Amino acid sequence: MANIVFNIAKGRVAELYDRVKSNDPANSAIILIPIETSGLEADSVLIDADTVAAVLAGATNEQSTMGRKTLTDSDLASIPAPDDTNDRNERSLPTVTWTAASGNAISKILVAYDPDTTGGTDANLVPLTMFDFAQTPSGADIQMTTGTFFRAS
């Protein structure tokens, strides 16, 4: 589950996830961005970033050797009904594999919303959540099995 929900996304994570799942707009996606351990700023600083460009503008660095993962409507689970029994609403991510992962160690995964994968830049990507995912790439596959990455209650 998310360690932080970015201020700009509070109250919107489920909505933006659901837009990707509904293919509205057609080129929207959820983007997973590995974040390096070195230079990582505090969650209390990062939570105020309004774009992925802003997250990466300070000392926080993307681990670009592993690369980003793009999740489209076909990758995401069905939109769940609200959990009225437990009074909450959740969204999940599928299992994702970085094949033959290499490069610098990572500490976190940044989950972002891209409204248009055909022409967007980091300035257009909305940071949704970021969670701990400490890994040291060694050339072997790295598999992320997240399940619930967002819960509103």
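None of these values were measured; they are calculated from a predicted model. (Residues numbered from 1 in each chain as written. Predicted model: local features only at pLDDT ≥ 70, side-chain atom pairs only at ≥ 80, totals over all residues. Heavy atoms only, no water.)

Student: Outline the side chain of aspartate 114, supporting the account with residue identities and numerical values.
Tutor: Among the structural elements, aspartate 114 can be located in strand β6 (residues 106-114). Notably, aspartate 114 is buried but unbridged: the nearest opposite-charge side chain belongs to arginine 68, and the N-O separation is 6.9 Å. One polar contact links the side chain of aspartate 114 to the main-chain amide nitrogen of aspartate 116, over a distance of 2.9 Å. When near neighbours in sequence (up to four residues on either side) are disregarded, aspartate 114 contacts Asn27, Ser28, Ala29, Ile31 and Leu125. (Helix = DSSP H or I, 4+ residues; strand = E, 2+ residues; numbered from the N terminus. Buried < 20%, exposed > 50% of the residue type's maximum accessible area, 1.4 Å probe, protein only. Lys, Arg positive; Asp, Glu negative; His and termini not counted. Salt bridge = Lys/Arg side-chain N within 4 Å of Asp/Glu carboxyl O. Polar contact = N/O pair within 3.5 Å; in protein donor to acceptor, adjacent residues only side chain to side chain. Contact = heavy atoms within 4.5 Å.)

Student: So what about the pairing of strand β7 (residues 126-135)? Which residues, and what values?
Tutor: The buried count for β7 comes to 7 of 10 residues, which makes it a mostly enclosed element. Judged from the 2 bridges that link them, strand β1 (residues 4-5) and β7 form a sheet pairing that is antiparallel. Note on β7: the bridge partner recorded for isoleucine 4 is methionine 130. As judged from the 7 bridges shared by β6 and β7, these two strands associate in the antiparallel manner. If you follow alanine 112 over to β7, its bridge partner there is proline 127. (Pairing = 2+ DSSP bridges.)

Student: How would you summarise the pattern of salt bridges if you had to cite specific residues and measurements?
Tutor: What the rule picks out here adds up to 10 salt bridges. One salt bridge in this structure joins arginine 19 and aspartate 24, with 3.6 Å as the shortest N-O distance. Residue aspartate 24 is classed as partly exposed on the basis of its relative accessible area, which comes to 40%. Taken together, the shared-partner salt bridges connect Asp83, Arg88, Glu90 and Arg151 into one network.

Student: Describe the packing of aromatic side chains, with residues and values.
Tutor: Applying the stated criterion across every chain, the model contains 1 aromatic pair. For the pair tyrosine 17 and phenylalanine 149, a centre-to-centre distance of 6.2 Å together with 35 degrees between the ring planes defines the contact as tilted. Of this pair, tyrosine 17 sits in helix α1 (residues 13-21) while phenylalanine 149 sits in strand β9 (residues 147-152), and the two are 132 residues apart along the sequence. (Phe/Tyr/Trp six-rings, centres within 6.5 Å; stacked < 30°, edge-to-face > 60°.)

Student: An account of unusual backbone geometry is requested, with residue identities and associated values reported.
Tutor: Along the chain, aspartate 24 connects to proline 25 via a cis peptide bond; the corresponding omega equals 5 degrees. Examined against the element boundaries, proline 25 turns out to sit in the loop between α1 and β2 (29-36). Although it is not a glycine, asparagine 23 adopts a positive phi angle of roughly 60 degrees. Relative to the assigned elements, asparagine 23 resides in the loop between α1 and β2. For asparagine 23, a relative accessible area of 34% translates into the label partly exposed. Phi at alanine 100 takes a positive value of approximately 50 degrees, unusual for a residue other than glycine. Secondary-structure assignment places alanine 100 in the loop between β5 (96-98) and β6. Taking relative accessible area as the criterion, alanine 100 reaches 45% and is therefore assigned partly exposed.

Student: Give me the lowdown on the environment of aspartate 122, citing residues and values where you can.
Tutor: Relative to the assigned elements, aspartate 122 resides in the loop between β6 and β7. Here the alpha-carbon distance between aspartate 122 and threonine 51, two residues 71 residues apart in the chain, equals 6.7 Å. Filtering out sequence-adjacent residues up to four positions away, aspartate 122 remains in contact with Thr51, Val52, Ala53, Leu56 and Arg68. Polar contacts involving the side chain of aspartate 122 include one to the side chain of arginine 68, which spans 2.8 Å.

Just geometry here; none of it tells us what the structure is for.
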